[in-house]
Each structure stands twice: as structure tokens, then as C-alpha cells.
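A look at the structure
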Amino acid sequence: MAAARVDYFYSFRSPYSYLSAPRGFALADDFEIDLCFRGVLPMMMRGESVPVAKRLHTMRDVKREADRLGMPFGRIHDPLGEGATRTLAVSEHAIDVGRAREFVLAAGQAIWAEATDPATDEGLRRICDSAGLDWEGCRAAISDPQIAARVDANTDELVEIGHWGVPVFVFGGEQFWGQDRIDDLTLTLREAGLSRG
Amino acid sequence: MSKLRDRAEREIGPRVIVAASTITAPARTAAAARRATGRSGRLELYFGFDDPASAFAVIDLEQRLQGRKVIFDLLPVVERGIKDDPALERKRIYGVTDGRRLGRRIGLTLSRSEPIDRQQTAFLADWVAAAPRGSALTRFCAAACRRLWFESDGPVEAERYEELWRECFGSAPIADQAAVRANQKKMAGRGPYETPAAWIGGRWFFAQDRSAQIADWLDQLGWTVK
């Protein structure tokens, strides 16, 4: 029988996505699920505006949440634009070679805690190396139109399911928006009898 | 865009914001001064009666603040949110799903499956904004939020809430739309753009999701549980 599917919509430009990643990927350790990573374009590249008040609060709030979760945060390089699209392309390649978790965790930390610029080859290559990915394969993915089409399809699907922000987890048609709702998803998966062991 | 400006926007600006957010000395000094002059701390909660997350926050914070010398300042608003937000309607619908999860955290079951139009509950905001702060108001708000979201469905009947008001205050409510507008203006000035938002000593938090942060900040300010 196929494992239950959990879609995980994620943006490399969303600090809340970064906060969600260690616990998000760990769901696949604890439950009999197929966790499908779905990288999407940042809100501002999807034509949605983010007011200044929201941007300011997000930085402050994420710092407090990161401290609470014991995650590094603060040495930031905003990847909006090419940095985001290149990272998304490599994340699709990482899925293909079975290293999505390693890459997403490495990229999140590099962007939000180490001020690494993924728009440069030097920055992105450092992330790929730390995730155990072959640079030539990653570089090919960046210019692969089929890979770009997969990212566009993920982004379109987020809109189609009626959601606006990330991270979002979708299980059995039910949406769980935000890194604050992973506990609720965990409870739902447990109630569905999907716990391992 | 120049390289310097690009770096300022992508790296320096965000880093400065994050670093500045960790400065606590002015707020702690102000809180100590309040205590030294016999005054209490203050938690301002900006909330909407039409919002299930706000209902959760009112009920939850009323419990969590017990034992702390902190005034629970309940400030209802009607108009708020991101201007021209294209996701407004989707957020209202999702809010009901999310409210069900929040309710479960405090042992309550959401009784509604559809959002409430904000104009349907605006009269409650008009009453509460006009009323004197204190335990009767807190009692009313908590009871009204329970009734609205965890004990009823369908249209909101003002008569039922007027009865509740009389039970809490012993008199009829007075409506004041200008007081609600003043709350909305104050909320915008503090920074929050959506409800429920808790403002304490210069910081604001989304009140439905940041219980641990709120408790930690109150402790840092010296408003500990006695």
C-alpha cells in the first residue's frame, strides 16, 4: 500500500519556512508518510505585496522563535530574485537525487544565519557542497527549463488550493499553515494511525 | 541598483532590525519604574469578535495572566488587516479551520463552520470599547467569545449579548463607534496589522501563537507569576 502523502509547500525567502524545516522533515521519521517537498516562488515574486509593518514584525518575531527553537538566525542575505530561483532549481535536483532534506536545511541556514548569497556560484556551491550534492548536476539544474516548470507548477498549485503563504502542509486535503501548526499536523497524523512502530 | 544599496537591503537592514529587537534594557527599566511607583504592568490585546483566533486569545490570556500584576486591556477593533489584501476572504474561511485547532488546545470545540461577517459583531466592539476597564469587562469579553465561537451557530443576536452584558455590569451597554476607531488607530500606531495582537512593553506578538514568548517577555519585564 502506498504511504499517505503530505505535501510541504516551502519558500526559501520565507523565514518561517526556514523555522519549519527541521520539524517538517522529521515528520517522515516519525510517521508512515511520503513527505513531498514543494518549493514555491516568494510571495513578492508572485505579485503579492508585503507591507513594511509585516516585514519588520516578521524579522523580530522569527528571531524570538528561532531562539526558542534553538536555531541560528540573524546573519541574513535576502534571496529575493535570482537567489530564490536558483535555490529552488537546485532543490528540485536535490529531490531527484534523494537529498532534498539535506539541501533545504543547508540552504535555510546559509540564507538566514550565515548571510550566504545563493545568487552567486560561490555561495550556492558552498550550500550544495554542505548538502553533499555534486556541483555540476546543480549547475545544470539551474538552467534546465523542465526544472523551472516544476517550480512553476508547485507555485500554481499553492494558488489553486487557495493558499497565500508558506509554509503549508497538506494532508488528506486539510491545510496546516505555518510553522506553529506542525504540532496540529502531528496530532492529525497520529490520529490517522500513521505513527511508526 | 548599486551594490551598496543592494547589500543594505538584503543584509544590513534585516540584521539591524534583528539586532535592535534584542535590546531589552529600556523596556525593563520602564517596567521597574512602574513597579517602584506601585503601578501594574499592562497587556493590550487588540482583537476582533468576528475572529475565532481572537476568541481563543481572549479566553486563553485571561487564564494565563492570572497571578501576574498585569492589567488585561481588551481593545476591540473592527477594521484591520493588510490593505487591499487579495487573500482576505480565503483567510476568513481558513480562520474557521484554524480556530477549531486552537479551541482544541484549551478543551473547547468550535461550534461554527462558517466565518462571521465583521459587521455582525461590530456592536460588541462598540459596547466594549466604550466600557470602563476591569474585571466585569474581562468577564464579559471571555463569555461573549465563548458564546460566539464555541456555544452558538448562525446569526449573532444582539439581545442575547445584552443579557450577558447586564449580568456582568448590571446596566445596559452604551455603544461608541469612535472609541473603536480610536482602538484601530492605536493598534496601527503600535505596529500590529492583524488580530489578535498582544502589545506589552514595546513589543507585539500574535496572541494566538506566542504564549511562550508572551510569558517569557512578561518574566523578563519582572511581571512574574506570584
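Above this text is the structure in question.
I will try to describe carefully the structure that is included in this document. (Residues numbered from 1 in each chain as written. Chains lettered and ligands numbered in written order. Predicted model: local features only at pLDDT ≥ 70, side-chain atom pairs only at ≥ 80, totals over all residues. Heavy atoms only, no water.)

A few points about the sheet that holds strand 2 (residues 33-39) of chain A
Residue and element names in this part refer to chain A. In space, the four strands of this open sheet follow the order 2-1-3-4, with mixed pairing throughout. Of all strands in the sheet, those with a lone pairing partner are strand 2 and strand 4 (174-177), marking the two edges. Taken over all neighbouring pairs, the strand axes of this sheet differ in orientation by 20° on average, direction set aside. Across four bridges, the pairing between strand 3 (residues 168-171) and strand 4 is antiparallel. (Pairing = 2+ DSSP bridges. Helix = DSSP H or I, 4+ residues; strand = E, 2+ residues; numbered from the N terminus. Axes fitted to C-alpha atoms, helices over the stretch in contact; angles between N-to-C directions.)

A look at the nonpolar core
Ranked by size, the top nonpolar core spans 48 residues in total, and within it Phe12, Phe73, Phe103 and Leu189 of chain A carry the most contacts. Broken down by element, this core gets its largest block of residues, eight residues, from helix 4 (residues 100-113) of chain A. When neighbours within four sequence positions are excluded, Phe73 of chain A is seen to be in contact with Pro15, Tyr18, Met59, Val62, Lys63, Ala66, Trp112 and Ala113 of chain A together with Val18 of chain B. Within the second largest apolar cluster, 47 residues are counted, among which are Ala31, Leu108, Trp127 and Ala198 of chain B. (Core = buried A, V, L, I, M, F, W, Y, C linked by side-chain atoms within 4.5 Å. Buried < 20%, exposed > 50% of the residue type's maximum accessible area, 1.4 Å probe, protein only. Contact = heavy atoms within 4.5 Å.)

Section: the side chain of Arg80 of chain B
Residue and element names in this part refer to chain B. Structurally, Arg80 is set in the loop between strand 2 (70-76) and helix 4 (88-105). Looking at Arg80, its side chain comes within polar contact range of the main-chain oxygen of Val78, at 2.8 Å. Within the structure, the side chain of Arg80 is placed 3.2 Å from the side chain of Thr195, a separation counted as a polar contact. Here Arg80 is in contact with Gly48, Asp50, Asp51, Arg118, Met187, Tyr193, Glu194 and Thr195, once residues within four sequence places are set aside. (Polar contact = N/O pair within 3.5 Å; in protein donor to acceptor, adjacent residues only side chain to side chain.)

Topic: the interface of chain B and chain A
Every contact between the two is made by 30 residues of chain B and, on the other side, 36 residues of chain A. Together, the buried faces of chain B and chain A total about 3,000 Å²; carbon and sulfur atoms form 53% of this surface. Per-residue buried area on chain B facing chain A is highest for Arg10, Tyr94 and Arg101 of chain B; these three make up 20% of the total on that side. The tally of links from chain B across to chain A stands at eight salt bridges. (Buried area = accessible area lost by both parts, 1.4 Å probe. Salt bridge = Lys/Arg side-chain N within 4 Å of Asp/Glu carboxyl O.)

Observations regarding the packing of aromatic side chains
The tally for this structure, following the rule as stated, stands at 23 aromatic pairs over all chains. Note on Phe12 of chain A and Phe37 of chain A: the rings are 6.2 Å apart at their centroids and 55° apart in plane angle, and the pair reads as tilted. On the criterion of sequence distance, the pair formed by Phe12 of chain A in the loop between strand 1 (4-10) and helix 1 (15-30) and Phe37 of chain A in strand 2 is long-range, its members being 25 residues apart. Ring centres of Phe123 of chain B and Trp127 of chain B lie 5.1 Å apart, and the angle between their planes is 70°; this geometry places the pair in the edge-to-face category. Residue Phe123 of chain B and its partner Trp127 of chain B are located together in helix 5 (residues 122-130), separated by four residues, close to a single helical turn. The same class applies to Phe123 of chain B as to Trp127 of chain B, namely buried. Among the aromatic residues, ring-to-ring pairing joins Tyr8, Tyr10, Phe12, Phe25, Phe37, Phe103 and Phe169 of chain A into one connected group. (Phe/Tyr/Trp six-rings, centres within 6.5 Å; stacked < 30°, edge-to-face > 60°.)

Focus on the pattern of salt bridges
Following the criterion strictly, the structure yields 42 salt bridges over all chains and no others. With its nearest N and O atoms 2.8 Å apart, the salt bridge here joins Glu157 of chain A to Arg38 of chain A. Separated by 119 residues along the polypeptide, Glu157 of chain A in helix 7 (residues 145-160) and Arg38 of chain A in strand 2 bring together distant segments of the chain. Note on Arg38 of chain A: relative accessible area 9%, which makes it buried. Arg210 of chain B serves as the salt-bridge partner of Asp61 of chain A, at 2.8 Å between the closest nitrogen and oxygen. Taken together, the residues Asp61 of chain A in helix 2 (residues 52-69) and Arg210 of chain B in the loop between strand 4 (203-206) and helix 9 (211-221) connect one chain to another. When its relative accessible area of 4% is taken as the criterion, Arg210 of chain B is described as buried. The structure contains a network of salt bridges with shared partners spanning Asp61, Glu65, Arg68 and Asp180 of chain A together with Arg210 of chain B.

Comments concerning the environment of Ala144 of chain B
All names here are of chain B. Secondary-structure assignment places Ala144 in helix 6 (residues 135-150). By relative accessible area, which is 0% here, Ala144 ends up buried. Measuring from C-alpha to C-alpha, the distance between Ala144 and Val18 comes to 38 Å, with 126 residues separating the pair along the chain. Not counting residues up to four positions away in its chain, the partners in contact with Ala144 are Phe49, Tyr161 and Leu164.

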